[in-house]
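# Observations on the model geometry
One letter stands for each residue in the lines below.
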Amino acid sequence: MNDKSVRSGILFAIAAYTMWGIAPLYFKLIGQVPAMEILMHRIVWSVLVLVLLVGITGKFEKVKQAIFNPKVMQVLLISGVLLAANWFIFIWAINNNHLLDASLGYYINPLLNIFLGRLFLGERLRRLQKVAVALALFGVMYFIVSYGQLPWVALALAGTFGVYGLLRKQVAVDSLPGLLVESCLLLPPAIVYWIWFAGEWSNMLTNDSALNITLICAGIVTTAPLLCFTAAAKRIMFSTLGFFQYIGPSIMFVLAAVVYDEPLDGNKIVMFGFVWLALGLFSYDSLRQYRKIRKALKLPQD
């Protein structure tokens, strides 16, 4: 792994997480469109973009292998439903002024992944990982006690994406072909919704061209960061890639607090403080473990 490849991998990682972070700007542009209809457009136009990308990269054979494997298809059907649920909740949260909650959800996600790995994959938690999970849990419990309610948007986003990642980790299919199959499984209900239930905003014959182009761009908004993420994963170690994952929720946090002026009171700051502290410990532990592995394998420095 040469320095040029690593540098390009880092740039791809920054691009991927930055695009995920600024995605709320796109969804705010079409805030007048109901969340379910935006989800419908996201599925339909993503399928078209993904078919093109899979064709360009020559991965239709891997799509075919997945389709003719019943077990893989069962998993991809479930993971596709979870992904659609995650997309819907994210869109709804943005357009109903819950971007801070969405940010919290994606901050919590890596810590939830640790817990899911322990629960379902038998992965052992290191001491600092246990402390990190406990701190994040304490922060959420503080919020519940303070407000008397669950931060359900954050927990739903973290939960759906965490379980989605757990399922995809256990199925033998690459990210791009797998996403195409998932999207194709979601396509029939999306088309049925478009024909029978969608409102005036989804009538592309009566919309102005600017709105139609914006809706079609949902496919690019979905696939562009994924392509950058995949390119980054091929060029740098996955543990290195993980250090960039906080770019997305950090951008969302700034957008919510500064640009969209969502309320950020003392109780929320305390909750975010515990989660940030947990993530700090998690990152420190991951970096320490990463260095131990590299030293043991005697790999060259990136």
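As a starting point, this report considers the structure included with it.

What counts, and where the lines are drawn
- Residues numbered from 1 in each chain as written.
- Predicted model: local features only at pLDDT ≥ 70, side-chain atom pairs only at ≥ 80, totals over all residues.
- Heavy atoms only, no water.
- Salt bridge = Lys/Arg side-chain N within 4 Å of Asp/Glu carboxyl O.
- Helix = DSSP H or I, 4+ residues; strand = E, 2+ residues; numbered from the N terminus.
- Buried < 20%, exposed > 50% of the residue type's maximum accessible area, 1.4 Å probe, protein only.
- Core = buried A, V, L, I, M, F, W, Y, C linked by side-chain atoms within 4.5 Å.
- Contact = heavy atoms within 4.5 Å.
- Axes fitted to C-alpha atoms, helices over the stretch in contact; angles between N-to-C directions.
- Parallel < 35°, antiparallel > 145°, perpendicular 65-115°, else oblique.
- Left-handed = near helix turned anticlockwise from the far one by under 90°.
- Nonpolar A, V, L, I, M, F, W, Y, C, P; charged D, E, K, R; others polar.

## Looking at the pattern of salt bridges
Here the structure, examined in full by the defined rule, presents four salt bridges. Taking the shortest distance from any N to any O, the salt bridge between Asp174 and Lys62 comes out at 2.5 Å. Of this pair, Asp174 sits in the loop between α7 (152–169) and α8 (175–196) while Lys62 sits in helix α3 (residues 60–67), placing them 112 residues apart in sequence. The exposure class assigned to Asp174 is partly exposed, which follows from its relative accessible area of 30%. Linked by salt bridges that have partners in common, Arg126, Asp285 and Arg288 make up one network.

## Observations concerning the environment of Lys64
For Lys64, the position within the fold is in helix α3. Overall, the relative accessible area of 45% leaves Lys64 in the partly exposed class. Residues Lys64 and Val181, 117 residues apart in the sequence, show an inter-C-alpha distance of 9.4 Å.

## Section: the nonpolar core
Counting residues in each nonpolar core, the largest one holds 73 residues, and the members touching the most others are Phe27, Phe90 and Leu111. Considering every element that reaches this core, the biggest residue donor is helix α4 (residues 70–95), with 12 residues. Not counting residues within four places of it along the chain, the set of residues in contact with Phe27 comprises Ile38, Arg42, Phe90, Ile91, Ile94, Asn95 and Val221. Judged by nonpolar contacts, the second largest core, of nine residues, contains Val6, Tyr17, Ala232 and Phe244.

## Some details on the packing of α4 against α7
The description of two packed helices rests on the angle between their axes and on the distance between the axes. The contact between α4 and α7 brings their axes to 9 Å, and the two run at 155°. Looking at the two axes, α4 sits roughly antiparallel to α7. Along this stretch, α4 crosses α7, giving a crossing that reads as left-handed. Seen from α4, the contacting residues are Val75, Leu76, Ile78, Ser79, Leu82, Leu83, Ala85, Asn86, Ile89, Phe90, Trp92 and Ala93; seen from α7, they are Trp152, Val153, Ala156, Leu157, Thr160, Phe161, Val163, Tyr164, Leu167 and Arg168. Counted by class, the contact of α4 with α7 contains 18 nonpolar, three polar and one charged residues.

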